[in-house]
Amino acid sequence: MTDLRYSVDARRLEEFSALELHDLLKMRVDVFVVEQKCPYPEIDGKDKHALHLRLMQDGDLLAAARIFAPTEASGPAKIGRVVVSPAHRGKRLGDAVMREAILLCEERFPACTIALSAQSHLKAFYASFGFEACSAEYLEDGIPHVDMFRPTTVAVN
């Protein structure tokens, strides 16, 4: 593995140019709908409430995630739509985007737990970042998922 350098970009939906938004949504549809053969409403109306984290290299979108603020004072921050570009797999970008997402959550929402809905086959991946399963397995859009949370006292890898 080479030392991949990337820049981190986090912004609200309305701050993207039309081309930047196109690239982000295209990557998510390519992975979550086409590659995973899962027809579901990828554009779900929640993007306008999220902070969008992107890993970029020379204008190329490498990976992304979306982050939601807690909806109530004692609620968790949430990470979702974690995705790595198929053209950049095998470079440990999944690890990088999760580290950056956790750091962003801790910076913006200190003392909050972090929650996510994980595809079940990725449970061990998320556990490596301190997430613990907190639900039984369930189907979401035909794919097995499990809810996970990360206590506030866990150190980032």
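The structure under discussion appears in the preceding block.
Residues numbered from 1 in each chain as written. Predicted model: local features only at pLDDT ≥ 70, side-chain atom pairs only at ≥ 80, totals over all residues. Heavy atoms only, no water.

(A) Broad picture of the pairing of strand β5 (residues 114-119). Within β5, five of the six residues are buried, which leaves it mostly tucked inside the rest of the structure. In this sheet, strand β8 (residues 143-150) lies alongside β5 in antiparallel orientation, the contact comprising six bridges. Bridge pairing in β8 places A118 opposite V146. (Buried < 20%, exposed > 50% of the residue type's maximum accessible area, 1.4 Å probe, protein only. Helix = DSSP H or I, 4+ residues; strand = E, 2+ residues; numbered from the N terminus. Pairing = 2+ DSSP bridges.)

(B) Highlighting the pattern of salt bridges. Using the criterion set out here, one finds 14 salt bridges in the structure. Here R66 makes a salt bridge to D44, at a shortest N to O gap of 2.6 Å. Highlighted residues: R66 in strand β3 (residues 60-68) and D44 in the loop between α1 (18-35) and β2 (51-57), separated in sequence by 22 residues. Under the relative-accessibility criterion, R66 is labelled buried at 3%. (Salt bridge = Lys/Arg side-chain N within 4 Å of Asp/Glu carboxyl O.)

(C) Spatial organisation of the packing of aromatic side chains. A full pass over the atoms with the stated rule returns three aromatic pairs. Ring centres of F125 and F129 lie 5.3 Å apart, and the angle between their planes is 70 degrees; on these two criteria the pair is classed as edge-to-face. Centre to centre, the rings of Y126 and F131 are 6.3 Å apart; their planes meet at 80 degrees, and the pair counts as edge-to-face. Residue class for F131 comes out buried when judged on its relative accessible area of 3%. Among the aromatic residues, those joined into a cluster by ring pairs are F125, Y126, F129 and F131. (Phe/Tyr/Trp six-rings, centres within 6.5 Å; stacked < 30°, edge-to-face > 60°.)

(D) Local environment of the environment of A65. Mapped onto the fold, A65 is located in strand β3. A relative accessible area of 5% means that A65 is categorised as buried. Here the alpha-carbon distance between A65 and G80, two residues 15 residues apart in the chain, equals 5.9 Å.

(E) Quick look at the nonpolar core. Counting residues in hydrophobic clusters, the biggest one holds 30 residues, and the most contacted among them are I67, I79, M98, Y126 and F131. Secondary-structure elements contributing two or more residues to this core are β2, β3, β4 (77-84), α2 (93-108), β5 and β8. Among the nonpolar cores identified, the runner-up in size contains twelve residues, and F32, Y40, A64 and V83 belong to it. (Core = buried A, V, L, I, M, F, W, Y, C linked by side-chain atoms within 4.5 Å.)

(F) Expanded view of α1. Relative to the 26 Å expected for 18 residues at 1.5 Å per residue, α1 spans 24 Å between its end C-alpha atoms, a close match to the ideal helical length. Its axis deflected by about 30 degrees at V29, α1 carries its strongest bend there. The complete set of buried residues in α1 reads L24, L25, M27, R28, V31 and F32. In this structure, the buried residues of α1 make contact with β2, β3 and β4. Positive backbone phi, at 50 degrees, marks K37, one or two positions downstream of α1. (Expected span 1.5 Å × (residues − 1). Bend = angle between axes of the 7 residues up to and from the residue. Contact = heavy atoms within 4.5 Å.)

Scope: geometric values only; no functional claims are made or implied.
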